[in-house]
Amino acid sequence: MKCPFCGSTDLSILTDTLRRGEGKVFHCRSCDVGILEKREDEVRLGEYYGEEYWKTHGPELGKQADYQELFDSYVDFQSRRLDLLAPYLMPQARLLEVGCATGQFLYNVKDKVGEVVGVDYDSGAVAFAAEKCGCNTYGNGLEAAGLEKGSFDIVCAFQTLEHVPDPIAFVKLLGTYVKPGGVIVIEVPNLHDPLLSVYENEAYVPFYYHSEHLYYFTSKSLTHVMGEGGFSGDLHYVQDYNFMNHMHWTLLDKPQVNGCVGLGRAQLPLSDALPSAVRDDIQKWMNEVDLSYKKLLSKHKLTENITFIGKKL
């Protein structure tokens, strides 16, 4: 096993137990990147992500969701992405999202720019997104979509780079669609996720690592990939899951039943008999705790996600 970025064979094993599928994840100390041993290079990505992926990746564990459920589960949790992109959201801007799924981000950003376009292998999901967002979408690979090169002010790929066999080639491809002076936005899970790095939660390890993620990026490895792909920019550390989600993992060693609970407002299991004034005060305190907690994780670069925003070198 060699690191595909630096060629090093000095690799250690992060895990040999995955949530889905079989394989090992190795760590390259030089690049600070996690690498799945069982690479998916031979898998036809369009076939898998177009037909199979969302059958096992719904918001509720162990339950297949339809497109409406997928959209409803994530559409209200896009504010952090919008906040990061706010300086670039101009009325005349054209925005492309690669890996748009059911359009939950496009729906939130469509009224803040001139045009949004979505691409995803899942033709059913993009058809849903097109109707929901009133935009053009394409249910195939990016190159097959026939979009004009160099025509977008903003090109986004959220939680997508970790799925592709050749991240550097993928970034280079995305770059061909960025206008001169435009920006690229890449969001990936952080290998230094707080449940791994802050708490060392053993139950979380086989939940975090799974066969669809070919790479596990850190600040160092994501910066390297973006640089090799022709971009320079800034990293942002984003924590979406709330404080109570982490407490649930640390106390019970298992995920919450639905991702929306962890993505929403952090709430304590308060008594129904509690006076409303007391309830409101406790909830206000909990909101402050959650916000402070997320800021602290971001300060130390230990959030669940890393977002790169940059321009061509």
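Relevant structure appears above.
A quick note: this is a predicted structure, and the numbers were derived from the prediction, not measured.

(A) Representation of the sheet that holds strand 9 (residues 215-216) in the model. An order of 1-2-3-9 is seen for the four strands of this open sheet, with the pairing classed as antiparallel. Looking at which strands have only one partner, the edges of the open sheet turn out to be strand 1 (11-15) and strand 9. With four bridges connecting them, strand 2 (residues 25-28) and strand 3 (residues 33-36) associate as antiparallel partners. Following the sheet pairing, phenylalanine 26 is matched in strand 3 by isoleucine 35.

(B) Just the sheet that holds strand 4 (residues 94-98), in detail. Pairing is mixed in the open sheet, where seven strands are placed in the order 6-5-4-7-8-11-10. At either end of the open sheet lies a strand with only one pairing partner, and these are strand 6 (136-138) and strand 10 (231-238). Between one strand axis and the next, the sheet turns by 15° as a mean value, whatever way the strands run. The pairing of strand 7 (residues 152-158) with strand 8 (residues 178-189) spans six bridges and is parallel. Paired with alanine 157 across the strands is isoleucine 186, a residue of strand 8.

(C) Focus on the layout of surface pockets. Of the pockets and cavities examined, the second largest pocket occupies roughly 260 Å³. Lining of the second largest pocket is provided by 15 residues; of these, Arg80, Leu263, Gly264, Asp290 and Lys294 occupy positions nearest its centre. Listing elements by their share of the lining of the second largest pocket, those giving two or more residues are helix 3 (79-85) and helix 12 (276-299). Here the element with the most residues in the lining of the second largest pocket is helix 12; it accounts for four residues.

(D) Quick look at unusual backbone geometry. At aspartate 32, a residue that is not glycine, the phi angle is positive and equals roughly 55°. Of note, aspartate 32 is situated in the loop between strand 2 and strand 3. In the Ramachandran plot, glutamine 159 falls in the positive-phi region, its phi being about 55° despite a non-glycine side chain. If you trace the backbone, glutamine 159 turns up in the loop between strand 7 and helix 6 (167-175).

(E) Representation of empty space enclosed by the protein in the model. The final tally for this structure, using the stated rule, is one cavity of 30 Å³ or more. If you go around the largest cavity, the residues you meet are Arg81, Leu84, Leu85, Phe158, Val185, Glu187 and Thr307. Put simply, the parts of the chain that give the lining of the largest cavity at least two residues each are helix 3 and strand 8. For the lining of the largest cavity, the element with the highest residue contribution is helix 3, accounting for three residues. Looking at the lining of the largest cavity, its residues break down into four nonpolar, one polar and two charged.

(F) Highlighting the packing of helix 6 against helix 9 (residues 219-228). For the pair helix 6 and helix 9, the least separation of the axes is 8 Å and the interaxial angle reads 50°. With respect to each other, helix 6 and helix 9 are oriented oblique. The chirality of how helix 6 crosses helix 9 is right-handed. Here Pro167, Ile168, Val171 and Lys172 of helix 6 come into contact with helix 9, specifically with His224, Val225, Met226 and Glu228. Of the residues belonging to the contact of helix 6 with helix 9, the class tally is five nonpolar, one polar and two charged.

Rules behind the numbers
- Residues numbered from 1 in each chain as written.
- Predicted model: local features only at pLDDT ≥ 70, side-chain atom pairs only at ≥ 80, totals over all residues.
- Heavy atoms only, no water.
- Pairing = 2+ DSSP bridges.
- Helix = DSSP H or I, 4+ residues; strand = E, 2+ residues; numbered from the N terminus.
- Axes fitted to C-alpha atoms, helices over the stretch in contact; angles between N-to-C directions.
- 1 Å grid on protein atoms, 1.4 Å probe; cavity = no way out; pocket = protein on both sides within 12 Å on 5 of 7 lines; lining within 4 Å.
- Points joined across faces, edges and corners; volume = space filled by probe spheres on them.
- Nonpolar A, V, L, I, M, F, W, Y, C, P; charged D, E, K, R; others polar.
- Parallel < 35°, antiparallel > 145°, perpendicular 65-115°, else oblique.
- Left-handed = near helix turned anticlockwise from the far one by under 90°.
- Contact = heavy atoms within 4.5 Å.

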